[in-house]
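# Analysis of the macromolecular model
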Amino acid sequence: MVNLQSKNLNIGYQSGKKSKAIAEDLNFNLEKGKLTCLLGPNGVGKSTLVKTIMGQVPPLSGEIFLEGKPLTSFSQKALAKKIAVVLTEKITTGNLTVGQLVALGRIPHTGWLGKLSDEDQKMVEQAISQTHTGYIRNQPLSECSDGQLQKTMIARALAQDGDVLILDEPTAHLDLVNRFEIMHLLRQIAKESKKAVLVVTHDLEIAIETADIFWLMQCGQPLVSGLPEDLILNGQINLLLPSDRLSFNPKSGKVQPKIDEFAIQIEGPEATVQWVQAALQKNISANKLQAVQIRVEENPLRILLKQGDMEQEFLGIGGLLEFLESRE
Ligand SMILES: Nc1ncnc2c1ncn2[C@@H]1O[C@H](COP(=O)(O)OP(=O)(O)OP(=O)(O)O)[C@@H](O)[C@H]1O
């Protein structure tokens, strides 16, 4: 079910009579119950699109519809009840605790001085429980780690209880475990609370694992939308990598340097072959690998290198690289 939709949307910034176009002819459907990831290179206009959807930056032309009605027909207050946003800026809210910040999510419903009703309280508790932040609810924000802060910001947005939840780079600055945890949490929120969740991210691998839909934004091109798995198989994922040097490897699910003359035949178990190949690509120039054959064994690792009559054995990739690097 579509919650937010755009038609021929042109986004950018207006200053006096001058307008600066950032992206043109954007057409999208943001669906309820799905986690959508917006990906694209730096400066392509992802944050500008988020601000346009929030009603902070007016579209240069075209229109956005929320629940079938033009976004412009909603007041800022009404929009705040429908769309909750988590931006990248760090909050500097003095001595507020985690619990107090989450409660601030109810402001669109209560007003600044509003007391929390039982219903408000219930939404706050639900948001804290969904984000597993109960154990830090009395902790001042100034004492929270980046991961804890990010979960608190998500909890505040959940307490706001809009049908649309938008997050601009929620995993920036987080470690690998927290990045996974936050994205899985957002997926769960989309599924369980039937919200339309839009996440701007540069985290391609985790996005592939968690997103239902990808939106790919590239300079001067229409927005490409589809299942991540479809975009991988039809090669459109490479739209994110305009450089000649990188491509997406559908087998490993990773961005890798393009392999052409570099590819040498390595025999052995798949995972071991993959990492030996990766180390060779990163460190050894193609001319040093000519007429070289490599066979690998695992547990324990053994690498056998053959060239003509010469055979050499290594017990680690480091030794193999040292040997190849020292060759004329
Ligand atoms: N207030 C503004 N007025 C004019 N131009 C702006 C303004 N804010 C951003 N821009 C420009 O809009 C373009 C898109 O910026 P935006 O922040 O939307 O990109 P982004 O895709 O989110 O980038 P990143 O991945 O680096 O966060 C950039 O060229 C930027 O300089």
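Residues numbered from 1 in each chain as written. Predicted model: local features only at pLDDT ≥ 70, side-chain atom pairs only at ≥ 80, totals over all residues.

## As for the pairing of strand β14 (residues 293-297)
We count it as follows: Burial is judged by counting other C-beta atoms within 10 Å of a residue's own C-beta: 20 or more means buried, 12 or fewer means exposed, and anything between counts as partly exposed, with every C-beta placed from the backbone. For the purposes of this entry, the term helix denotes a DSSP run of H or I that reaches at least four residues, the term strand denotes a run of E that reaches at least two, and both are numbered from the N terminus. By the convention used here, strands pair only if DSSP detects at least 2 bridges between them.
Along β14, the buried face is formed by I294 and V296; none of Q293, R295 and E297, which line the opposite face, is buried. The pairing of strand β13 (residues 266-267) with β14 spans two bridges and is classified as parallel. For E267, the partnering residue across the bridge sits in β14 and is R295. When β14 meets strand β15 (residues 302-307), the two strands line up antiparallel, connected through five bridges. Bridging from a neighbouring strand, V296 pairs with I303 of β15. Hairpin connection of β14 to β15: four residues between the antiparallel strands, including N299 at a positive phi of 45°.

## Looking at the environment of V102
Note the cut-off: We call two residues in contact when their backbone-placed C-beta atoms lie within 7 Å.
Take V102: it is sitting in helix α3 (residues 98-104). Accessibility expressed as a C-beta count within 10 Å gives 28 for V102, which makes it buried. Placed 50 residues apart in sequence, V102 and T152 show a C-alpha to C-alpha distance of 6.6 Å. Discounting residues that sit within four places of it in the chain, V102 has contacts with V124, A127, I128, T152, A155, R156 and A159.

## Looking at the confidence of the model for the chain
The criterion, for reference: For every residue, the pLDDT score states the predictor's confidence, bounded by 0 at the bottom and 100 at the top.
Overall, the predicted model of the chain reaches an average pLDDT of 89, with 95% of residues at or above 70. For this predicted complex, the interface score ipTM comes out at 0.97, alongside a pTM of 0.84.

## So, the nonpolar core
Put simply, the rule reads: Residues enter a nonpolar core if they are buried, belong to Ala, Val, Leu, Ile, Met, Phe, Trp, Tyr or Cys, and are joined to the set through C-beta atoms within 7 Å.
Judged by nonpolar contacts, the single largest core of 66 residues is most densely connected at V102, I166, L186, V197 and V199. Look past the residues within four positions of V197 in its chain and what remains in contact with it is L35, T36, L165, L186, I189 and A190. Grouped together as the second largest cluster of nonpolar side chains are seven residues, V276, L280, V296 and I303 included.

## As for helix α7 (residues 176-193)
Operational definition: For a helix, the expected span equals 1.5 Å multiplied by the number of residues minus one. Summarising the geometry, the arc corresponds to the directions from the helix axis toward the C-beta atoms.
When the terminal C-alpha atoms of α7 are compared, their 25 Å separation across 18 residues agrees well with the 26 Å that a helix rising 1.5 Å per residue should span. Taken residue by residue, α7 has R179, I182, M183, L185, L186, I189 and A190 as its buried positions. Viewed end-on, α7 has its buried residues packed into an arc of 155°, placing them on one side of the element. Away from the buried face of α7 by more than 90 degrees, exposed residues L176, V177 and E192 are located. As for α7, its buried residues are in contact with β3 (35-39), α5 (118-130), α6 (146-160), β7 (164-168), β8 (196-200) and α8 (204-210). Where α7 ends, the next residue or the one after it, K194, has phi of about 55°, a positive value.

## Describing the pairing of strand β9 (residues 213-216)
Residues I213 and W215 line one face of β9 and the alternating positions F214 and L216 line the opposite face, and both faces are buried. Two elements, β9 and strand β10 (residues 224-226), share three bridges in a ladder whose sense is antiparallel. Considered in β10, the bridge of L216 is made with V224.

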